[in-house]
Amino acid sequence: MSKVNGEGRLGNIIIRNLAGTIIAKKHNLQITYQQYDFINQIGIQLYTGTQIYEKQKRVNEANYFQILNKDEIDFNIEIVKSYCQTKQITDEIYKYLNSTENIQHFVNNNKYKDRYNNNNDCYIHIRLGDMKDWNPGFKYYNYVLSNLKYDNIYISTEDNDHIIIKNIQNNYKNVYIMNNDLIDIFKFASTCKYVILSYGTFSALIGYLSFYSNVYCLKFCKKTAWDWNKSCDMFRDKSTKLNKWTEVDI
């Protein structure tokens, strides 16, 4: 049977699973995923088909499209080492999540769905933790926020007491720190009128799922991309139903 498995936090796992599900759907593969039930609760559909073969083939960034684009295959796939975060693969993941079928599924299973196109709130993901030294700092978030007219700001982060959080609270009104319920963050954040992303897979996925938002992200650059040398590029040239993502160059 085909399978997806590998290292990394939740964002890495979801991206890898989605890379696998795109191939599985093309070739009707029966496949197992990491954290399938949890990801299903978020509202992200992962496909599994019926085909099981005797042979196995390892999939990575180098051969991904060779396998995806075949008319037929006669082997199971394994994605167990690769992160699948090249621009080309994540463009496919973005298109998959933004298909009519997947938008309808995510929206219909979102308990906050009445908020779509019906609020003036801003959500900010501020990646800190083990990557805090790569965060662009308050100036990035301040640059975007200073140009918005909003009602409430909602922040999710690993460190509620970080100086970036304090600076936002001191300079802006109606700032609320969300709890660490990751399912709730995905569902709620994606409904906000404005979505401000940090760098990383978790942020990228929130952006991909923010179908009816104005999304802001960092311009992909060596200064803030900790995986610059690994061909990871998930943010460039993305859009919502409203407009293109605004790439901020700081």
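Our subject in this report is the structure included herewith.

Criteria and thresholds
Numbering of residues starts from 1 in every chain and runs along the sequence as written. For a predicted model such as this one, the threshold for reporting local features is a pLDDT of at least 70, and the threshold for listing and counting side-chain atom pairs is 80 or more; totals across whole chains, interfaces and linings nevertheless cover every residue. The basis for every side-chain value is the complete set of non-hydrogen atoms in the structure, without hydrogens or water. The rule is simple: take the accessible area with a 1.4 Å probe, protein chains only, and divide by the maximum for that residue type; under 20% is buried, over 50% is exposed, in between is partly exposed. The numbering of helices and of strands both runs from the N terminus, where a helix is a DSSP run of H or I of at least 4 residues and a strand a run of E of at least 2. Should DSSP find at least two bridges between two strands, the strands are taken to pair. Residue contacts are counted whenever heavy atoms from the two residues lie within 4.5 Å of one another. Two rings belonging to Phe, Tyr or Trp (six-membered ring only in the last case) form a pair when the distance between their centres is within 6.5 Å. Interplanar angles under 30 degrees mark stacking, angles over 60 mark edge-to-face geometry, and anything in between is tilted. Think of it as a cone above the ring: NZ of Lys or CZ of Arg counts as a charge over the ring if it is within 6 Å of the ring centre and within 35 degrees of the ring normal. Pairing of N or O atoms within 3.5 Å defines a polar contact, subject to two protein rules: one partner must be a possible hydrogen donor and the other a possible acceptor, and residues neighboring in sequence count only if both atoms are side-chain atoms. Disulfide: a pair of cysteine sulfur atoms within 2.5 Å of each other. What makes a salt bridge here is a side-chain nitrogen of Lys or Arg within 4 Å of a carboxyl oxygen of Asp or Glu, nothing more. To obtain an axis, a line is fitted to C-alpha atoms, over the contacting stretch when the element is a helix, and the angle between two such axes runs from 0 to 180 degrees between their N-to-C directions.

Further remarks concern the pairing of strand β6 (residues 153–157). Residues in a regular strand point their side chains to alternate faces of the sheet. Counting buried positions along β6 gives five out of five residues, so the element sits mostly inside the fold. Residue alternation in β6 divides its side chains into two sets, Ile 153, Ile 155 and Thr 157 and Tyr 154 and Ser 156, and both sets are buried. In this structure, strand β5 (residues 122–126) lies alongside β6, joined through five bridges in parallel fashion. Looking at β6, one finds that His 125 is bridged to Ser 156.

To continue, consider helix α4 (residues 87–97). Three or four residues apart is the spacing at which side chains of an α-helix point the same way, because the helix has 3.6 residues per turn. The complete set of buried residues in α4 reads Lys 87, Ile 89, Thr 90, Ile 93, Tyr 94, Tyr 96 and Leu 97. As for α4, its buried residues are in contact with α1 (10–27), α3 (64–68), α5 (100–108) and α9 (201–209).

Side chains Asn 76 and Glu 78 of strand β4 (residues 76–79) all project onto a buried face; the interleaved residues Ile 77 and Ile 79 project onto the opposite face, where all are buried too. Pairing geometry for strand β1 (residues 2–4) and β4, over two bridges, is parallel. Note on β4: the bridge partner recorded for Val 4 is Ile 79.

The next point concerns the packing of aromatic side chains. Taken as a whole and judged by the stated rule, the model has 14 aromatic pairs. A centroid spacing of 5.2 Å and a plane angle of 80 degrees characterise the contact between Tyr 64 and Phe 65, whose relative ring orientation is edge-to-face. Exposure remark for Phe 65: the relative accessible area of 24% places this residue in the partly exposed category. One aromatic cluster is present, formed by Tyr 94, Tyr 199, Tyr 208, Phe 235 and Trp 245 through successive ring pairs. Looking at Lys 57, its charged tip hangs above the ring of Phe 75, at a distance of 5.8 Å from the centre. The cationic tip of Lys 238 hangs over the ring face of Tyr 94; the distance from NZ or CZ to the ring centre is 5.9 Å.

Further remarks concern the environment of Gln 56. Mapped onto the fold, Gln 56 is located in strand β3 (residues 56–58). Overall, the relative accessible area of 37% leaves Gln 56 in the partly exposed class. Sequence spacing of Gln 56 and Arg 16 is 40 residues, and the spatial spacing of their C-alpha atoms is 18 Å. Apart from the residues lying within four places of it in its own chain, the contact partners of Gln 56 are Met 1, Asn 76, Ile 77 and Glu 78. There is a polar contact of 2.5 Å between the side chain of Gln 56 and the side chain of Asn 76.

Further remarks concern the state of the cysteines. Evaluated as defined, the whole model comprises zero disulfides. Residue Cys 122 stays outside any disulfide, its sulfur separated by 7.3 Å from that of Cys 192, the closest cysteine.

Right, let's get into the pattern of salt bridges. Enumeration according to the criterion identifies 13 salt bridges in this entry. Between Glu 101 and Lys 25 there is a salt bridge whose closest N-O contact spans 3.2 Å. Here Glu 101, found in helix α5, pairs with Lys 25, found in helix α1; they are 76 residues apart in sequence, far enough to count as distant. A residue is classified by how much of its surface remains accessible, and Glu 101, at 45% relative accessible area, is partly exposed. Linking Lys 95 and Glu 92 is a salt bridge whose minimum nitrogen-to-oxygen distance equals 3.0 Å. Here Glu 92 and Lys 95 lie together in helix α4, a separation of three residues that amounts to about one turn. Residue classification places Glu 92 among the partly exposed residues on the basis of a relative accessible area of 23%. Linked by salt bridges that have partners in common, Lys 87, Asp 91, Asp 237 and Lys 238 make up one network.

Attention shifts here to the sheet that holds β1. One open sheet accounts for four strands, arranged β2-β1-β4-β3; its pairing is parallel. Of all the strands in the sheet, the pair left with one neighbour each is β2 (31–32) and β3. Its contacts with the sheet place α1 against β1, β2 and β4, and it is angled at close to 165 degrees to β4.

By themselves these figures say nothing about function.
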